[in-house]
Protein chains: 2
Amino acid sequence: MRKLGPLIKQTIDFNRTVDYYRAMRHKDENKSESIFNAAIQLITEHGLSETSMSKIAKKAGVSASTIYVYFENKEDMLNKLYLSIKKKMSLAVFYNYDDSISYQSAFEHALRQYINFVLTHKDEFLFIEQFSNSPLLHKLSQKEGIELFEPIFSLFEKGKSQNIFKKVDTNLLHMFMVYPAMAYAKEYFSGQTDSKQENFNEIIQMSWDAVKA
Amino acid sequence: MRKLGPLIKQTIDFNRTVDYYRAMRHKDENKSESIFNAAIQLITEHGLSETSMSKIAKKAGVSASTIYVYFENKEDMLNKLYLSIKKKMSLAVFYNYDDSISYQSAFEHALRQYINFVLTHKDEFLFIEQFSNSPLLHKLSQKEGIELFEPIFSLFEKGKSQNIFKKVDTNLLHMFMVYPAMAYAKEYFSGQTDSKQENFNEIIQMSWDAVKA
DNA sequence: TTGTAATAAACGAACATTCGTTTTATAAGG
DNA sequence: CCTTATAAAACGAATGTTCGTTTATTACAA
């Protein structure tokens, strides 16, 4: 997505003008990506509080000051990184998603996709875990992040009215859907358990038992 | 718990000695407590990465260097703080705990005590949430923290053999017991929900549905 | 008198960010 | 096609500040 330079209105003679765009060098689309990757890796390895802009720059292979071409400041960069990961997650969760078949299969599909994504994206997941609990996460980013998973919430809403799900706050249903899975991923990555397809099915079953009417 | 000074063996004459302890100024037992409190408050308000030793010292009303009388370094201080909170939590959870009546009532009791503690100890809880996801948390501290809740794990173990709980990894049972409750507390503190006794009962019911055979 | 608690002052290192400049992609004009 | 003007990208160096920790000294309890 190329941005155009500023619009120039050049007067040729008293009643004619020519409009054109000024020359403009484009941002390297891969550059913010490599800044993101460097940040994710450093933060999951050494922690948010131990990760500086200069370390990120060094790992990304750019000058520290270049980061400020792409982001306002550190906080802004982290919030944008957060949202970009949430977007990737939501795309994975709703890949081939179809809630017209049955509530249970839609629930199962989304949860399975979620667990799969999380277990195959260690750094992204651990960054989200760390940053979610940081006051640096803006309320607005958090809200935007949640809204990316709107289909889940509407599934719960509709399912409640049809007596499929427990008639409790939709947020409660959502919590029992994803938080145990997140806990599982965390334990898996800290190397205390190994991931088995068997576990997946058990988690999905337990979540379902928790939310079903 | 006062520490004694170094043991001195003083010779009175060729075959008699007197033992005594050298004079020693005592550490103020409240001082590490006020360091802890300052750290908790600052970290929940501004985040782990924005909280420095000097800020903690200022808030606690001591010199920064005094912190190093009580702790080896920042990491050590945070890990000890983590464990002291976990200990308080475990005391609360197992207050009046009796697993000889029934599995379900023991489960309910512990979970209710846990939710109560967490909702009435905002700063402690939010600190734990932040620090749990930080690489600064030592593997050993984490292990010690988990072991404080051993009665829960043995409840699950025994309950599984009697077909009360699902025959899945005990860690899975534990996750479905506490993680949704933690998520509830987080949402409560970020001001999106208000806490009702009704919610408590719903959460406990849903957790139970998830773990019961 | 003695040993430790407590501190103020000082340390080099690292921090986030800005500055002044250079490089480079772009498009108009020849 | 080449030249040239342009404006943003990119950068290295420097900014002032703050970091975690150490050192040297004083306060204090027994």
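It should be emphasised that the depicted structure is a prediction, and the values quoted were computed from it without experimental measurement.

### Some remarks on the overall build of chain A
Secondary structure summary: chain A contains 10 helices and 2 strands in total. The buried share of chain A, taken over its 213 residues, is 31%. Taking contacts inside chain A between residues at least 6 apart in sequence as the whole, the part at least 24 apart equals 58%.

### So, the nonpolar core
By size, the foremost hydrophobic cluster in this structure holds 99 residues, and its most contacted members are A39(A), F176(A), A39(B) and F176(B). Beyond its immediate sequence surroundings of up to four residues, F176(B) is in contact with P180(A), M206(A), A210(A), S207(B), A210(B) and V211(B).

### With respect to the interface of chain A and chain B
Each partner contributes to the interface: chain A provides 29 residues, whereas chain B provides 29 residues. Counting only elements with at least two residues in the side of chain A that touches chain B, the list comes to α1 (29–46), α6 (122–132), α9 (170–189) and α10 (197–211) of chain A. Counting residues per element, the side of chain A that touches chain B draws most heavily on α9(A), at 9 residues. Residues of the side of chain A that touches chain B, tallied by class, amount to 14 nonpolar, 9 polar and 6 charged.

### Observations concerning the relation of the copies chain A and chain B
Its rotation angle being 180 degrees, the transformation that places chain A on chain B also includes 0.0 Å of axial translation and leaves an RMSD of 0.0 Å. In symmetry terms, the pair is related by a two-fold rotation axis. Residue S49(A) of chain A places its C-alpha closer to the rotation axis than any other residue of that unit, at 2.0 Å.

### A look at the environment of I40(B)
In this fold, I40(B) is placed in helix α1 (residues 29–46). Aside from chain neighbours lying at most four places away, what touches I40(B) is D123(B), E124(B) and F127(B).

### Here we look at helix α4 (residues 74–93) of chain B
Residues spaced three or four apart along an α-helix point in a common direction, a consequence of the helix completing one turn every 3.6 residues. If you check α4(B), its first and last C-alpha atoms are 29 Å apart, about what 20 residues at 1.5 Å a residue would give, namely 28 Å. All buried positions along α4(B) are accounted for by M77(B), L78(B), N79(B), L81(B), Y82(B), I85(B), K86(B), M89(B) and V93(B).

### Remarks on the packing of helix α5 (residues 103–119) of chain B against helix α10 (residues 197–211) of chain B
Residue and element names in this part refer to chain B. Running from amino to carboxyl end, α5 crosses α10 at an angle of 135 degrees, the nearest separation of the two axes being 10 Å. If you check the angle between α5 and α10, you find them oblique. In this structure, α5 crosses over α10, and the sense of that crossing is right-handed. Where α5 approaches α10, its residues Q104, F107, E108, L111, R112 and I115 are matched on the opposing element by F200, I203, I204, S207 and W208. Partitioned by chemical class, the residues of the contact of α5 with α10 number 7 nonpolar, 2 polar and 2 charged.

### Some details on the UniProt feature "DNA-binding region" (unreviewed entry) in chain A
Mapped onto the present numbering, the UniProt feature "DNA-binding region" (unreviewed entry) falls on residues 52–71 of chain A. From the first C-alpha to the last, residues 52–71 of chain A spans 15 Å; its make-up is 75% helix and 0% strand.

### Notes on the packing of helix α9 (residues 170–189) of chain B against α10(B)
All names here are of chain B. Running from N to C, α9 and α10 point in directions that differ by 155 degrees, and their axes come no closer than 9 Å. Here α9 is positioned roughly antiparallel relative to α10, judged by the angle of their axes. Crossing handedness for the pair α9 and α10: right-handed. Each of L173, F176, M177, P180, A181 and Y184 in α9 lies in contact with α10, whose residues at this interface are N199, I203, M206, S207, A210 and V211. Among the residues making up the contact of α9 with α10, the classes are represented as 10 nonpolar, 2 polar and no charged.

### So, the environment of K58(B)
All names here are of chain B. Considering the arrangement of structural elements, one finds K58 in helix α2 (residues 53–60). Residue classification places K58 among the partly exposed residues on the basis of 14 C-beta atoms within 10 Å. Along the chain, K58 and V168 lie 110 residues apart, while their C-alpha atoms are 49 Å from each other.

### Here's the deal with the environment of N201(B)
All names here are of chain B. Note that N201 resides in helix α10. Looking at N201, the number of C-beta atoms within 10 Å reads 13, which means it is partly exposed. Expressed as a C-alpha distance, the spacing of N201 and R112, which sit 89 residues apart in the sequence, is 8.5 Å.

### Topic: unusual backbone geometry
All names here are of chain B. The phi dihedral of N96 is positive, around 65 degrees, even though this residue is not glycine. By secondary structure assignment, the location of N96 is in the loop between α4 and α5. Non-glycine residue N163 carries a positive phi angle of around 65 degrees. Turning to its location among the elements, N163 is positioned in the loop between α8 (150–161) and α9.

### Let's talk about the confidence of the model for chain A
Do not read the predicted coordinates in detail wherever pLDDT is low. Averaged over all residues, the pLDDT of chain A equals 89, while 86% of them reach at least 70. Of the regions scoring below 50 in pLDDT, residues 1–5 of chain A engages in 7 contacts with residues more than four places distant in sequence or in other chains.

About the criteria used
- Counting restarts for each chain, with residues numbered from 1 along the sequence as it is written.
- As a convention, the first chain written is A and the first ligand written is 1, with the rest following in written order.
- Local features are withheld for residues below a pLDDT of 70 in this predicted model, meaning they are given only at 70 or higher, and side-chain atom pairs are given and counted only at 80 or more; totals for whole chains, interfaces and linings count all residues.
- The way it works is that DSSP assigns letters per residue, a run of H or I at least four long becomes a helix, a run of E at least two long becomes a strand, and they are numbered from the N terminus.
- In this scheme every C-beta is placed from the backbone, and a residue whose C-beta has 20 or more other C-beta atoms within 10 Å is buried, one with 12 or fewer is exposed, and one in between is partly exposed.
- We call two residues in contact when their backbone-placed C-beta atoms lie within 7 Å.
- Take the buried Ala, Val, Leu, Ile, Met, Phe, Trp, Tyr and Cys residues, join any whose C-beta atoms are within 7 Å, and the set you get is a nonpolar core.
- Gly is put with the polar residues, along with every residue not named as nonpolar or charged; the nonpolar set is Ala, Val, Leu, Ile, Met, Phe, Trp, Tyr, Cys and Pro, and the charged set is Asp, Glu, Lys and Arg.
- For the least-squares superposition of copies, only C-alpha atoms count, and only for residues with pLDDT at least 70 in both.
- Here the expected length of a helix is defined as 1.5 Å per residue gap, with one fewer gap than residues.
- To obtain each axis, a line is fitted to C-alpha atoms, and for helices this fit is confined to the stretch in contact; angles are then taken between N-to-C directions over 0 to 180 degrees.
- By definition in this entry, angles of less than 35 degrees are roughly parallel, angles greater than 145 are roughly antiparallel, angles of 65 to 115 are roughly perpendicular, and the rest are oblique.
- A crossing counts as left-handed when the near helix is turned anticlockwise from the far one by less than a right angle, and as right-handed when that turn is clockwise.
- UniProt positions are given in the numbering used here, feature names are shortened, and annotations may be inferred rather than shown by experiment.
- Known as pLDDT, the predictor's per-residue confidence is scaled from 0 to 100.

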